[in-house]
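Observations on the three-dimensional arrangement
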Amino acid sequence: GGALFWLIERHNPATMGGLSLPSQLMASLFQSVTCRTAGFNTVDQAALYEGSKLLSCLLMFIGGSPGSTAGGIKTTTAAVLAANAFAVFRRQKSPEMFGRRMEEKAVYDAAAIFTLYLVLSLTGAFVISTVETLPLSECLFETTSAIATVGLSLGLTPHLGIVSQGILIFLMFIGRVGGLTMIYAALS
């Protein structure tokens, strides 16, 4: 993540202007880490290039590892989905990781969490974009940050109407409680 941020932002005068190479690398690394859970920003998020905003959304969506305070779908969920994709490409019956076969339930749970977070993030962004007549990409940044409980913002939230702020609050609640918990609660 840090390397990608540096590659995209290294010529951006609003985020890296005037910084030495070591400072640029540190800022890029910090940006990569803060997208996982911290919510701190050392650069203006609104000044990021579009590629960096998309990278931020991807990192926020994945989040951190289980047992941490990070939100998102979790790195283990992403790993299970990646292993399943590789198994499909190799025409294997079931995904394997480190020489061990994964249970079908783990793959189903990962797919359900991924789908839930994706649908909620995209739907929330679409509704906010439509209601507020804002660019979809900026709304997607806000909704992804909300459901991943990151706390980063492009500065839109204070200017949103009550419906849009309600959507962000709902997404933050879902993200904090956890996708799997919400699925089990809804189906119980």
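I will try to describe carefully the structure that is included in this document. (Residues numbered from 1 in each chain as written. Predicted model: local features only at pLDDT ≥ 70, side-chain atom pairs only at ≥ 80, totals over all residues. Heavy atoms only, no water.)

Let us look at the layout of surface pockets. Taken as a whole, the largest pocket holds about 290 Å³ of empty space. Taken together, 19 residues form the lining of the largest pocket, with Ile73, Lys74, Thr77, Ile113 and Leu180 sitting closest to its centre. Going through the elements one at a time, helix H4 (75-89), helix H5 (104-132), helix H7 (162-177) and helix H8 (179-187) are the ones with two or more residues in the lining of the largest pocket. At five residues, H5 tops the list of elements feeding residues into the lining of the largest pocket. (1 Å grid on protein atoms, 1.4 Å probe; cavity = no way out; pocket = protein on both sides within 12 Å on 5 of 7 lines; lining within 4 Å. Points joined across faces, edges and corners; volume = space filled by probe spheres on them. Helix = DSSP H or I, 4+ residues; strand = E, 2+ residues; numbered from the N terminus.)

Another aspect to go through is unusual backbone geometry. Despite not being glycine, Lys74 shows a phi value in the positive range, around 90 degrees. Mapped onto the secondary structure, Lys74 falls in the loop between helix H3 (50-62) and H4. Positive phi, close to 60 degrees, is recorded for Arg91, a residue that is not glycine. Tracing the backbone through its elements, the reader meets Arg91 in the loop between H4 and strand S1 (96-97).

Next up on the list: the packing of aromatic side chains. Scanning the model with the defined rule gives two aromatic pairs in all. Each ring, one from Phe61 and one from Phe114, has its centre 5.6 Å from the other, and the planes form 90 degrees; the classification is edge-to-face. Of the two residues, Phe61 is situated in helix H3 and Phe114 in helix H5; the sequence distance between them amounts to 53 residues. For Phe61, a relative accessible area of 12% puts it in the buried group. (Phe/Tyr/Trp six-rings, centres within 6.5 Å; stacked < 30°, edge-to-face > 60°. Buried < 20%, exposed > 50% of the residue type's maximum accessible area, 1.4 Å probe, protein only.)

A few words now on helix H2 (residues 21-38). Here H2 is 18 residues long and its end C-alpha atoms lie 24 Å apart, about the 26 Å a rise of 1.5 Å per residue gives. All of the buried residues along H2 are Gln24, Ala27, Ser28, Gln31, Ser32, Thr34 and Cys35. Looking at the packing, one finds that the buried side of H2 touches helix H1 (2-9) and H3. Immediately beyond the C-terminal end of H2, within one or two residues, lies Gly39, with a positive phi of roughly 80 degrees. (Expected span 1.5 Å × (residues − 1). Contact = heavy atoms within 4.5 Å.)

With that out of the way, let us pick up the packing of H5 against helix H6 (residues 136-147). Where H5 contacts H6, the axes come no closer than 8 Å and their chain directions differ by 135 degrees. When the interaxial angle is binned, H5 and H6 end up oblique. In this structure, H5 meets H6 at a crossing whose hand is right-handed. Listed contacts from H6 to Tyr117, Leu120, Ser121, Leu122, Gly124, Ala125, Phe126, Ile128 and Ser129 of H5 are Leu136, Cys139, Leu140, Thr143, Thr144 and Ile147. Among the residues making up the contact of H5 with H6, the classes are represented as ten nonpolar, five polar and no charged. (Axes fitted to C-alpha atoms, helices over the stretch in contact; angles between N-to-C directions. Parallel < 35°, antiparallel > 145°, perpendicular 65-115°, else oblique. Left-handed = near helix turned anticlockwise from the far one by under 90°. Nonpolar A, V, L, I, M, F, W, Y, C, P; charged D, E, K, R; others polar.)

This part covers the side chain of Ser32. With respect to the secondary-structure elements, Ser32 resides in helix H2. Engagement of the side chain of Ser32 in a polar contact is seen with the backbone nitrogen of Gly2, the distance being 3.4 Å. Residues in contact with Ser32, not counting those within four places in the same chain, are Gly1, Gly2, Phe5 and Leu59. (Polar contact = N/O pair within 3.5 Å; in protein donor to acceptor, adjacent residues only side chain to side chain.)

Attention now moves to the nonpolar core. By size, the foremost hydrophobic cluster in this structure holds 15 residues, and its most contacted members are Ile73, Tyr117, Leu120, Ile128, Ile147, Leu168 and Leu171. Those elements that place two or more of their residues in this core are H5, H6 and H7. Residue contributions to this core peak at five residues, all from H5. Not counting the four nearest positions on each side in its chain, Leu171 is found in contact with Leu120, Thr143, Ala146 and Ile147. With twelve residues, the next largest nonpolar core counts Phe141, Val150, Leu152 and Leu156 among its residues. (Core = buried A, V, L, I, M, F, W, Y, C linked by side-chain atoms within 4.5 Å.)

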